[in-house]
Amino acid sequence: MSVTIKLSGVAVAVPEHVIRQSDAAAVATHLFSEKLRGFRRLAPIFENAGIRTRYSVRPLSWFYEPHGWADRMEAYIDGASRLFVRVATRAIQQSGLTAKEIDSVVVVSTTGFAAPSIEALVSSEMGFRPDIERVPIFGLGCAAGVSGLSVASRLATARPGTKVLFVAIELCSLAFRLDEPTPVNVVASALFGDGAAACILSADGDGVATVESTGEHLFADTLDIMGWRVDDPGLGIVLAQSLPPFVTSRIRPALAGILARHMLQLGDIDRFVCHPGGAKVLDALESALSIGQGALNDEREILADYGNMSSPTVLFVLDRAIRTGLPERSAMVAMGPGFSTSCVTLRRAA
């Protein structure tokens, strides 16, 4: 007998420090204009990225000083722990549950390290049971908002009645590097922000949607498109400029293959809920999926208000889509290191 997994309690949160894009541009100009040849050619990215504001766990003044691993991970543990408590508490309350009723917690994050992992650090404050199952996942990057949701749904499916909390937390700002005056670091400083999102998956109770199918596709020979380098001062971003053309030419057959494994076609999808990796990536997705210019305007608004927060961002889009009304069938889509794409299809709750 098949088990229907319901999605409920979708919640989002951002840290307290607001970064206006104009202020980020001024900081980048101050820090890089004399160190990086060709900075003036790159500077328009701050205006053209389609971003108005972003959020950070540290104020802009923090980034004027050099920081090593100890500083960055101290900031990560502090910021991620506070965001976890806020967003997880909201998701649990919205689902009509208490923390003691949560059986499993899946946490995705690729912008920091903590051992014990974040959900263990905040377990007492949250009020989790001692026997809670913990599944921290690292390395999936921007795709983790969808891939992690898939893992959480499969946990809920394997043991009907289990209530699974899924949390995505990324503090992308902490990877900003003064010692790396490179074009890719300037681009990153114009795109990325911090945020968190959470939801509950269970076969019990009510929900806003049900999980219909999940799938992933790993592209061969694409390791250089996106990821991290591990350097002495901290993580160093790997981000290929060829991503939009890659999306235009490769994403449609990959998604068609994922859907076909579940007897679905692209034409069966009423609404794509996409990770807004950047303005040009959204243009490429609309073209590749033949959904028309403007179909991903909710994604553009999330990008404008929050920037690219990596894994939580697609859940911010989902939260907005839920508030405006989900259609009969939606497909969540995100891409990340590997290079890979993940897809989860949702059916609107009856």
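This text gives an overview of the structure that appears in the document.

Basis of the calculations
Residues numbered from 1 in each chain as written. Predicted model: local features only at pLDDT ≥ 70, side-chain atom pairs only at ≥ 80, totals over all residues. Heavy atoms only, no water. Core = buried A, V, L, I, M, F, W, Y, C linked by side-chain atoms within 4.5 Å. Buried < 20%, exposed > 50% of the residue type's maximum accessible area, 1.4 Å probe, protein only. Helix = DSSP H or I, 4+ residues; strand = E, 2+ residues; numbered from the N terminus. Contact = heavy atoms within 4.5 Å. Expected span 1.5 Å × (residues − 1). Pairing = 2+ DSSP bridges. Axes fitted to C-alpha atoms, helices over the stretch in contact; angles between N-to-C directions. 1 Å grid on protein atoms, 1.4 Å probe; cavity = no way out; pocket = protein on both sides within 12 Å on 5 of 7 lines; lining within 4 Å. Points joined across faces, edges and corners; volume = space filled by probe spheres on them. Nonpolar A, V, L, I, M, F, W, Y, C, P; charged D, E, K, R; others polar. Domains from an automatic or database assignment. Phe/Tyr/Trp six-rings, centres within 6.5 Å; stacked < 30°, edge-to-face > 60°.

### Let's talk about the nonpolar core
For step 1, the next point in the chain: One finds Phe84, Ile92, Phe128, Leu165 and Val167 to be the most contacted residues of the largest nonpolar core, which totals 47 residues.
For step 2, the next point in the chain: When residues of this core are traced back to their parent elements, those giving at least two are β1 (5-13), α1 (21-32), α2 (39-42), α4 (69-94), β4 (104-108), β6 (164-171), α8 (183-191) and β7 (194-202).
For step 3, the next point in the chain: Of all the elements, α4 adds the most residues to this core, at 11 residues.
For step 4, the next point in the chain: Setting aside chain neighbours within four positions, we find Leu165 in contact with Phe84, Ala88, Ile92, Ile102, Ser104, Val105, Val106, Phe128, Ala198, Cys199 and Ile200.
For step 5, the next point in the chain: With 38 residues, the next largest nonpolar core counts Ala49, Leu191, Leu255 and Cys274 among its residues.

### Concerning helix α7 (residues 144-158)
Residues lying three or four places apart along an α-helix face the same way, a consequence of the helix completing one turn every 3.6 residues.
For step 1, the next point in the chain: Compared with the 21 Å implied by 1.5 Å per residue over 15 residues, the 20 Å span of α7 between its first and last C-alpha is a close match.
For step 2, the next point in the chain: By the criterion of burial, α7 is predominantly enclosed, with 11 of the 15 residues buried.
For step 3, the next point in the chain: Among all positions of α7, only Ala144, Gly145, Val146, Ser147, Gly148, Leu149, Ser150, Ala152, Ser153, Leu155 and Ala156 are buried.

### A word on the sheet that holds β7
For step 1, the next point in the chain: The strand order across the open sheet formed by 9 strands is β5-β4-β6-β7-β1-β8-β13-β12-β11, and the pairing between neighbours is mixed. At either margin of the open sheet sits one strand with a lone partner, and together these are β5 (133-137) and β11 (271-274). Each strand axis lies, on average, 25 degrees off the axis of its neighbour in the sheet, ignoring direction.
For step 2, the next point in the chain: Relative to strand β8 (residues 209-218), β1 runs antiparallel, the two being bridged by 3 bridges.

### Remarks on empty space enclosed by the protein
For step 1, the next point in the chain: For the structure on display, the rule yields 2 cavities of 30 Å³ or more.
For step 2, the next point in the chain: Empty space within the largest cavity amounts to approximately 480 Å³.
For step 3, the next point in the chain: Lining the largest cavity are 37 residues; nearest its centre among them are Cys172, Ser173, Ala188, Ser189 and Phe192.
For step 4, the next point in the chain: Those elements that place two or more of their residues in the lining of the largest cavity are α1, β3 (53-56), α8, β9 (226-230) and β10 (235-239).
For step 5, the next point in the chain: Take the lining of the largest cavity: its biggest share by element is 5 residues, from β10.
For step 6, the next point in the chain: For the lining of the largest cavity, a count of residues per class yields 21 nonpolar, 11 polar and 5 charged.
For step 7, the next point in the chain: Taken domain by domain, the makeup of the lining of the largest cavity includes at least three residues from each of domain 1 (5-202) and domain 2 (209-348).

### Points about the packing of aromatic side chains
For step 1, the next point in the chain: For the structure on display, the rule yields 10 aromatic pairs.
For step 2, the next point in the chain: With centroids separated by 5.0 Å and ring planes inclined at 80 degrees, the aromatic side chains of Phe219 and Phe246 adopt a geometry described as edge-to-face. Here Phe219, found in the loop between β8 and β9, pairs with Phe246, found in helix α9 (residues 243-260); they are 27 residues apart in sequence, far enough to count as distant.
For step 3, the next point in the chain: Judged by relative accessible area, Phe219 falls into the buried class, the value being 5%.
For step 4, the next point in the chain: For Phe246, a relative accessible area of 11% gives the class buried.
For step 5, the next point in the chain: Centre to centre, the rings of Phe246 and Phe339 are 5.4 Å apart; their planes meet at 90 degrees, and the pair counts as edge-to-face. You can see Phe246 sitting in helix α9 and its partner Phe339 sitting in the loop between β12 (329-336) and β13 (340-348), a full 93 residues away along the chain. Here the two residues Phe246 and Phe339 agree in accessibility, since each one is buried.

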